[in-house]
Amino acid sequence: MEDGLGAALTWLDYAAVFVFGASGALAAARRKHDIVTFTFFAAVTGVGGGTLRDLLIDAPVFWVGRPEYLIAPVAAAVAVWLFGAGRARLLILTWLDALGLCAYAVVGAAKALAFGVPPGAAVVMGVLTATFGGVLRDVLAEEPSVLLKREIYVTAALVGAGVFVILNVLGVPQLAAALAGFGAGFAIRAGAIVFRWSLPGFPGRAAPDED
Amino acid sequence: MEDGLGAALTWLDYAAVFVFGASGALAAARRKHDIVTFTFFAAVTGVGGGTLRDLLIDAPVFWVGRPEYLIAPVAAAVAVWLFGAGRARLLILTWLDALGLCAYAVVGAAKALAFGVPPGAAVVMGVLTATFGGVLRDVLAEEPSVLLKREIYVTAALVGAGVFVILNVLGVPQLAAALAGFGAGFAIRAGAIVFRWSLPGFPGRAAPDED
Amino acid sequence: MEDGLGAALTWLDYAAVFVFGASGALAAARRKHDIVTFTFFAAVTGVGGGTLRDLLIDAPVFWVGRPEYLIAPVAAAVAVWLFGAGRARLLILTWLDALGLCAYAVVGAAKALAFGVPPGAAVVMGVLTATFGGVLRDVLAEEPSVLLKREIYVTAALVGAGVFVILNVLGVPQLAAALAGFGAGFAIRAGAIVFRWSLPGFPGRAAPDED
């Protein structure tokens, strides 16, 4: 994909690694860690989702052959270190994270399709690419997992990847499908941020685990 | 494996994904999550063990090329959502989980042998296939890990995979070896559920970690 | 690598699997687990880092084709079970862990270079090989993660792998580069153990996560 769309996707990719990387560095900042730990968390969060996708679809892991991808998390770690992690910056980051989430959902699904993965599994790849870095960040930082928040998050990735893949299967040109998927996912995530949208929770009663 | 045994294994596989998936959905039910999170946990728990096995033995990840496997966790999530997670259903699920555990231990080891993995490592693959989905579920749901329970669980998978692989090496026909492995593992797990069997714990004293 | 250096590396590898395995068994000992759980934790900790490396660089996972590697964690589990986990042994283990950390950092980077991974990513592979087993151990044992300790740990692996890779790129013979990398990493880790060296933590304020 070295054409215009490909180049745009590459830059989107760097941007998403940077944004997710910054959210990883923020997790390190909350515990006053050193710069190496900042970078470790930025890297795991930034490239974790795409790494899992590449392992699952048996593609070469994207950053291993092209370590210039690792510049983005290093830059994210340094940026958070220098410019801090105050409340205003958190708000900016929430929105950048929403952009990264929806970009990754589309990019992840597109790469899976390009590797011959069937549409159903390609949607899953989009969701994993978008969310798994944050899942790893929360597990490793021992923070409440993004999966366990009530706010719509995984759903936005699912809608973004789903719309893209469906339009793709229907023959819509890839750029239009990508924009539509990105837009649909982002609209939902934006609504969740602004209006605290959430899906209805399980209405039944669940017996506790006894052990 | 498109013969009779192969078809039986495929159906066992779907059933195990469904059962483990249901246990994942239950973890989501305990925290009143929405249907997307239900499905996410059902999928991770249902296919997590087999996914790790396939990555380790360098096989194509089983559900990526055949996304119909993903129907099972979706069905499990919907079933738990509709039929609830009361105490009686938990008991049923404990027993279904025992069936799934022992089925997966044998299926996982069989697939590893079919890919040329040496017997010792094939046993490990059986254990990982059977237990890793539950481990992922507990880590992501922030529940006490199945690994850390006193009750015999991993050991049942180890016995099931071990008996199957040993009989296989000794030249016993595969179906007989599979049934023997499944039976041995299930007998042990059933004993653990009914009689709360456990192996003796470490008798020594362990100094706490100081940091 | 079946020459002298190769054989030495293989033995270093077994030794590192044993040492990290023992630290995994210790985590199980702290909670009075049974021998199967001891072995499970020893195996995950001992081979986890190298397994991730091999998946990422698309090498056959080192212990799958050669299950004799699994003897080392079994031996480590038995050794901790028999000889206990008292305070004096913990101190010995801290030092053995430091040796394993720096050995793995170099071995992991060397294997990555041998598989054609670019230098920047090879350093990352060294760090992951050295640290990921311990990260898995802590996540699965629900202990405070080695990543979140203030003491220098990841940094020692980074220096060890970094020095080795840089000298390698500069054309220094591999054995000399390996010894220099190992020595540099170990000096830093030893300083951290003896003098409780740490890097400066993030000086800014971090707003808490609100959800």
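Once a new chain begins, its residue numbering starts again from 1 and follows that chain's sequence as written. Here the convention is simple: chains get letters from A, ligands get numbers from 1, in the order in which they are written. Local features in a predicted model are, by the rule used here, given only for residues with pLDDT of at least 70; side-chain atom pairs are given and counted only at 80 or more, and totals for whole chains, interfaces and linings are based on all residues.

1. Examining the interface of chain A and chain B
We apply this condition: Residues are scored as being in contact if the C-beta atoms we place from backbone atoms lie within 7 Å. In this description a helix means any DSSP run of H or I spanning at least four residues, a strand means any run of E spanning at least two, and both kinds are numbered starting from the N terminus. Here the nonpolar group is Ala, Val, Leu, Ile, Met, Phe, Trp, Tyr, Cys and Pro; Asp, Glu, Lys and Arg are the charged ones; every other residue, Gly included, is treated as polar.
Taken residue by residue, the interface counts 29 residues in chain A and 31 residues in chain B. Broken down by secondary-structure element, the contributors of at least two residues to the side of chain A that touches chain B are α2 (35-56), α5 (119-141) and α6 (154-169) of chain A. Here the residues of the side of chain A that touches chain B are counted per class, giving 19 nonpolar, six polar and four charged.

2. Considerations on the relation of the copies chain A and chain B
The condition that has to hold: We place the copies in one frame by least squares, fitting the C-alpha atoms of every residue whose pLDDT is at least 70 in both.
After a rotation of 120° and a shift along the axis of 0.0 Å, chain A superposes on chain B with an RMSD of 0.0 Å. With respect to symmetry, the two chain copies, as superposed, fit the operation of a three-fold axis. An asymmetric contact is evident, with only 7% of the interface residues of chain A recurring at the interface of chain B.

3. Remarks on the relation of the copies chain C and chain A
Expressed as a screw transformation, the operator carrying chain C onto chain A has a rotation angle of 120° and an axial translation of 0.0 Å, and the superposed copies differ by an RMSD of 0.0 Å. Here only 7% of the contact residues of chain C are again contact residues in chain A; the copies associate through non-equivalent surfaces.

4. Looking at the packing of α5(A) against α6(A)
A pair of packed helices is captured by two measures, namely the crossing angle of their axes and the spacing between those axes. All names here are of chain A. Selection criterion: Orientation is described by lines fitted to C-alpha atoms, with helices fitted over the stretch in contact, and by angles between N-to-C directions that extend from 0 to 180 degrees. Whether a crossing is left-handed or right-handed is set by the direction in which the near helix is turned from the far one by less than a right angle, anticlockwise for left-handed and clockwise for right-handed.
At a closest axis distance of 8 Å, the pairing of α5 and α6 adopts a crossing angle of 145°. Between α5 and α6 lies a crossing whose hand is right-handed. Taken together, the residues of α6 that come into contact with α5 (itself represented by P119, A122, V123, G126, V127, A130 and T131) are V154, A157, L158, G160, A161, G162, V165 and V169.

5. A look at α5(A)
Each α-helix winds once per 3.6 residues, and so residues spaced three or four apart point in a common direction. Which entries qualify depends on this criterion: Helix span, expected: 1.5 Å multiplied by one less than the number of residues in the helix. Exposure classification rests on a simple neighbour count of other C-beta atoms within 10 Å of a residue's own: a residue reaching 20 or more is buried, one at 12 or fewer is exposed, and one in between is partly exposed. C-beta atoms are placed from the backbone.
An ideal rise of 1.5 Å per residue puts 33 Å on 23 residues; α5(A) measures up with 33 Å between its terminal C-alpha atoms. Across the 23 residues that make up α5(A), a large majority, 19, are buried.

6. Some remarks on the nonpolar core
Here is the rule we go by: By convention in this section, buried Ala, Val, Leu, Ile, Met, Phe, Trp, Tyr and Cys residues joined through C-beta atoms within 7 Å make up a nonpolar core.
Ranked by size, the top nonpolar core spans 234 residues in total, and within it A109(A), A109(B) and A109(C) carry the most contacts. Not counting residues up to four positions away in its chain, the partners in contact with A109(C) are A122(C), V123(C), M125(C), G126(C), A161(C), F164(C) and V165(C).

7. A closer look at the packing of helix α6 (residues 154-169) of chain B against helix α2 (residues 35-56) of chain C
To keep things clear, this is the line we draw: Each angle is binned into one of four classes, with values under 35 degrees roughly parallel, values over 145 roughly antiparallel, values of 65 to 115 roughly perpendicular, and all other values oblique.
Relative orientation of the contacting elements α6(B) and α2(C) amounts to 80°, with a least axis distance of 9 Å. Here α6(B) lies roughly perpendicular to α2(C), going by the angle between them. Residue-level contacts link V154(B), T155(B) and L158(B) of α6(B) to V36(C), T37(C) and F40(C) of α2(C). Residue classes in the contact of α6(B) with α2(C) are distributed as four nonpolar, two polar and no charged.

8. Thoughts on the interface of chain C and chain A
On the side of chain A, 31 residues touch chain C, which itself brings 29 residues to the contact. Counting residues per element, the ones that place at least two in the side of chain C that touches chain A are α2, α5 (119-140) and α6 (154-169) of chain C. If you tally residues by element for the side of chain C that touches chain A, the top one is α5(C), at five residues. Taken together, the residues of the side of chain C that touches chain A break down into 19 nonpolar, six polar and four charged.

9. Considering the environment of L128(A)
Residues and elements named next belong to chain A. Here L128 shows up in helix α5. As a C-alpha pair, L128 and G49 span 79 residues in sequence and 5.8 Å in three-dimensional space. Other than its neighbours up to four places away in sequence, L128 contacts G49, L52, R53 and G108.

10. As for helix α4 (residues 87-114) of chain C
For α4(C), which comprises 28 residues, the first-to-last C-alpha distance of 40 Å matches the rise-based estimate of 40 Å (1.5 Å per residue) to within 8%. At the C-terminal side of α4(C), G116(C) shows a positive phi close to 80°.

11. Details of the confidence of the model for chain A
All names here are of chain A. Quick reminder of the rule: Looking at any residue, its pLDDT shows the predictor's confidence there, from 0 to 100.
Taken residue by residue, chain A gives an average pLDDT of 88. The fraction at 70 or more is 93%. Confidence scores differ between elements of chain A, with helix α1 (residues 4-29) showing the lowest mean pLDDT of 83 and α6 the highest of 96. As a predicted assembly, this complex carries a pTM of 0.92 together with an ipTM value of 0.88.

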